[in-house]
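# Architecture and fold: a report
Each chain, written out:
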Amino acid sequence: MTRSLDTLSRRSFLSTGLTAGALVVGFSMVPRAFAQLAGGGEGGPGPKVVAPNLPGSLKSAPMLDSWIRIDANGAVTVFTGKVELGQGIKTALIQVAAEELDVPPARVTLVTADTARTPDEGLTAGSHSMQDSGTAILNAAANVRMLLARKAAESWGVAEDAVTTTGDGRLAGPGGRSAPYGEVAAALSLHVEAVPDAPRRDPAQYRTMGRDLPRVDIPAKLAGGAAYIQDMRLPGMLHARVVRGPSVGTRLEPLAIAEVAAMPGVVTVVQDGSFVAIVAEREWTAVKALRRIQTAKAVRSAPPLPNGGVVEALKALPSRDIVIQDGPDTPATPAHTVKARYTRPWLSHGSIGPSCSLALFQDGKLTVWTHSQGTFDVRRVAAQLVGLPEEDVHAIHVEGAGCYGQNGADDVSADAALIARHVPGRPIRLQWMREQEFGWEPLGPGMVTELEASLGPDKRIAAWRHEVWSNPHNNRPVGAGGVLAGGEIPNPFPVPEGKPIPMPEGDGSRNSVPLYDLPNLHVVYHFLKDMPIRVSALRSLGAHLNVFSIESMFDELAKAGGIDPLDLRLAHMVDERGRDVIATVAERFGWRGRPRPDGRRGCGLAFARYKNLGAYCAVAMEVEVERETGRIRVRRAVAAVDCGQAASPDGVRNQVEGGIVQSISWTSREAMSFDAERRTGFDWSAYPILRFKDVPDSVAVHVMDRPGQPFLGTAEAAQGPAAAALANAVADATGVRLRDMPLSPERVRAAVGVI
Amino acid sequence: MTMTLTINGAEHRVDAEPDTPLLYVLRDDLGLNGAKYGCGLGQCGACTVHVDGRPVFSCLTPVAAVQGRRVTTVEGLGSPGNLGPLQQAFEQEQAAQCGYCIAGMIMRAQALLDRGGPISDADIRNHMQTNLCRCGTHMRILRAVRRAVDATGARTSSLEAKP
Ligand code: FES
Ligand code: FES
């Protein structure tokens, strides 16, 4: 990594960042204003829509040179406002650009979110990257290829449709005419608005998309290359550790600040209101100083944490009832009615690498390196927190460990910015400790659902009612009030009031409306704005519990009516693509010939279309329940996923495999524990997650072939279906329905007993 | 205190407090990125390196304790442009999502490969039990280790008989 001491302002980028002969003549940013659902509705209002007729993020950044630049030597640079989180987005976007430009993918360099270089595409969240950025780059590339062909035709004096591209970065015309892109590009300006209907390449001719290109980021990750923000070492860099109580809402006292400040190697102890950080020459010195300070007593500074379970905690909160679906009602004669309550506890994101950030304040300008999902929001937050105009703050995304939602990434970046503001001229590297990540990050919200559903005498579902209680899942910081440091400085910023994300994306309500064709359908979201426990987005938001509930209820009804769970689903699924993934998973799993339950072994399946507008995903599982220990062993999991055109099918498989394993972990063993004072899950022994001996024997993911279809977000699609398939398989195996997560060994053993 | 360490076959002199965990010396003094800080508690394996051929948690190993011993990090197995055999198996299986756990996984698995003798699927799972992955890349990691095991011919006959 190189040091970038001068904050790269937009102006300096314009004057220095362009090579002679480059296609780019400027870069185009659009002002930010009111809402669209870039990033799935998380974060603040997305970038302003200025070209509503264009697809994906071209709506807010319509100029081609915001996205693509071609140097005179033919090198292609593509700019995205989205970021790599380990989901493989870099490789997928390179494939998209290479395909529509018709160049080899090795020719393409991708620049990810950087407030001085790339468009603002809102958050990298909500499985929106392919829909927002993939779609924009696809169409921008098609536009560029069209302009290149037009320019070549003009200079050759031939018809535009006589010019083709040959896949190697060259244009070809009649009579053996040929020219490299770089040469043609040098005579062309891309500072023009995209058109919505640039001709796209024929999927039958695809050379790059739909193939398994090895991920570009993997080799460095296998061999100690500089792959992560944690690996950045800037000249003169200092190491910092932040001092807070062990859990959100606590503080330490008394603080041995003078003693620690006098430790050899400690450069300073930053104090700003109740914000305290140790800055040292060496990392281990900072850690030792922190450990000394942490011997102080922890005192609760916020109201006590709710005691009792998630139901008591949530139902004690005032609710705003949002009616999501209210009929229409038709007369029904129920033969069987099932009422059930399902719950999920608070979950930790559990990133393997605690959050880290670097910041440098120099010459009145602040640079922040961040692994947050919202690089542009990091700039807004830091600017407000340290009192600088936004244009004097430059935020650059650098990959961290997987985050799966809002972990400590935003907080640690704000912390680093504040420390840097107090220690000008020296880059600050701040990493949270393991117990700080567990104690301070926003948790995935605890949730409750209550469902009531009826089966008619015709064995069809006659009525369905779904109620969900949840805190807001979208507390992504868009200002200084959203981060911990914002509440600690003098004149603190108030924590903003939580707001629901409107449907169809939803937050606690996400996927609360079944995709099935159901009469007498009622869905209510009891939105609970008061958050006694710090929460924010965790991968799939409310879909994890809502899909768990819906798909558990399908099996409960199927059992009541003596119907095969597969048949009950197919009987109510009219969406053809939904039917296809359900049928495909059933076939690949061998559902019709599955082993019959014997008290230990059983099978379950579940389905959802993420947000009812993203990828379709069905999961089937075979489990074996050790009745003596309550341990659930997943023998095999099979999934089918339809994400439209897959840029990289192996990338999709990797995401869905990972989603299934992670969801099994959430659903079968995870829960943040509390006492009245604090979170008590502070390390991997107090917050255990799945280890190798407990992962499935096999996981197989089938990606449906959908050539040329629009991209559908995939990254979170498996969380709900995997959770429900697990519970359904356990119910099938044991005859006992478990509705409260986690389906932990203790709970399973207590519920099913020994035969 | 000045110490001489042998890392990936080369000698390095470092000046650090003797109780500094090897992890911080590798990362901060020697600029080696492979070993990662995950927990500092010996619970996750992200920091795994070899000392005299045995896997250890570098977050719990004081630097003074490895003087005169051979330390190997993932950088010692190959470089991004020239991956070693086990790293190649991970690349062939595309066995990474965020990848933060992976260098530790590779060092953990390498110790199993180095042990030699027959290695079953269950052996691999048992051996890897110490290392955590949050992205759920486990199935690919297991496949990658098995691929590397197969390449060395150390697979057990009972496994070969399995369908
Ligand atoms: S960092 Fe050493 S075991 Fe987790
Ligand atoms: S690949 Fe992300 S933690 Fe293992």
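Positions within a chain are numbered from 1, following the residues in the order the chain's sequence is written. Labels are handed out in written order, letters beginning with A for the chains and numbers beginning with 1 for the ligands. Residues qualify for local features only when their pLDDT is at least 70, as the model is predicted, and side-chain atom pairs are given and counted only at 80 or more; totals for whole chains, interfaces and linings, by contrast, use all residues. Water and hydrogen atoms play no part in the side-chain values, which are based on all heavy atoms of the structure.

A pair is scored as a salt bridge if a Lys or Arg side-chain nitrogen falls within 4 Å of a carboxyl oxygen belonging to Asp or Glu. Here the structure, examined in full by the defined rule, presents 62 salt bridges over all chains. Among the ionic pairs, Arg569(A) bridges to Asp555(A), the shortest N-O distance being 2.8 Å. A residue pair is termed long-range when its members are at least 10 positions apart, and Arg569(A) in helix H13 (residues 565-572) and Asp555(A) in helix H12 (residues 543-561) qualify at 14 residues. Accessibility classification places Arg569(A) together with Asp555(A) in one group, the buried group. The salt bridge partner of Glu556(A) is Arg739(A), with a shortest N-O separation of 2.7 Å. Of this pair, Glu556(A) sits in helix H12 while Arg739(A) sits in the loop between helix H16 (719-734) and helix H17 (745-752), and the two are 183 residues apart along the sequence. What emerges from the salt-bridge pattern is a single network uniting Asp212(A), Asp650(A), Arg653(A), Glu657(A), Glu93(B), Arg140(B), Arg143(B) and Arg147(B). Comment: elements are numbered from the N terminus, with helices defined as DSSP H or I runs of at least four residues and strands as E runs of at least two. Only protein chains enter the accessibility calculation, which uses a 1.4 Å probe; a residue is then buried when its area is under 20% of its type maximum, exposed when over 50%, and partly exposed in between.

Residues spaced three or four apart along an α-helix face the same direction, because each turn holds 3.6 residues. Helix length check: helix H3 (residues 129-156) of chain A, at 28 residues, gives a terminal C-alpha distance of 39 Å against a target of 40 Å (1.5 Å per residue), a fit within 8%. Burial runs high along H3(A): 24 of the 28 residues are buried. Helix span is expected to be 1.5 Å times the residue number reduced by one.

All right, on to the side chain of Thr20(B) then. For Thr20(B), the position within the fold is in the loop between strand E2 (10-15) and helix H1 (22-29). Residues within four places of Thr20(B) in sequence aside, it is in contact with Trp284(A), Val25(B), Thr61(B), Pro62(B) and Val63(B). The contact definition used throughout considers only heavy atoms, calling two residues in contact when any of these lie within 4.5 Å.

Time to look at the interface of chain B and chain A. Contacts between the two partners involve 59 residues from chain B, matched on the other side by 68 residues from chain A. Of the roughly 5,100 Å² buried between chain B and chain A on both sides combined, carbon and sulfur atoms contribute 52%. The interface formed by chain B and chain A holds 8 salt bridges in total. A salt bridge links Glu657(A) to Arg140(B); the nearest nitrogen and oxygen atoms lie 3.1 Å apart. Here a polar contact is taken to be a pair of N or O atoms separated by no more than 3.5 Å, where protein atoms must pair a possible hydrogen donor with a possible acceptor and residues adjacent in sequence count only if both atoms sit in side chains. At the boundary of chain B with chain A, the tally comes to 40 residue pairs in polar contact (both at pLDDT 80 or more). Per element, the largest residue contribution to the side of chain B that touches chain A is 6 residues, and it comes from helix H5 (residues 138-152) of chain B. Under this grouping Gly is polar, as are all residues other than the nonpolar Ala, Val, Leu, Ile, Met, Phe, Trp, Tyr, Cys and Pro and the charged Asp, Glu, Lys and Arg. Across the side of chain B that touches chain A, the residue classes break down as 28 nonpolar, 18 polar and 13 charged. The term buried area refers to how much accessible surface (probe radius 1.4 Å) is lost by two components on association, counted for both of them together.

Moving on, we come to the packing of helix H9 (residues 375-386) of chain A against helix H10 (residues 409-422) of chain A. Residues and elements named next belong to chain A. Running from N to C, H9 and H10 point in directions that differ by 40°, and their axes come no closer than 9 Å. By the angle class used here, H9 and H10 are oblique. Judged by the sense of rotation from one axis to the other, the crossing of H9 with H10 is right-handed. On H10, the residues touching Val 378, Val 381, Ala 382, Leu 385 and Val 386 of H9 are Asp 410, Ser 413, Ala 414, Ala 417, Leu 418 and Arg 421. Of the residues that constitute the contact of H9 with H10, the class distribution is 8 nonpolar, 1 polar and 2 charged. Axes here mean lines fitted to C-alpha atoms, for a helix over just the part in contact, with angles spanning 0 to 180 degrees between N-to-C directions. Angle categories are assigned with fixed cut-offs, so that under 35 degrees is roughly parallel, over 145 is roughly antiparallel, 65 to 115 is roughly perpendicular, and the rest are oblique. Crossing handedness is read from the near helix: turned anticlockwise from the far helix by less than a right angle, it gives a left-handed crossing, and turned clockwise, a right-handed one.

On their own, these measurements won't tell you what the molecule is for.
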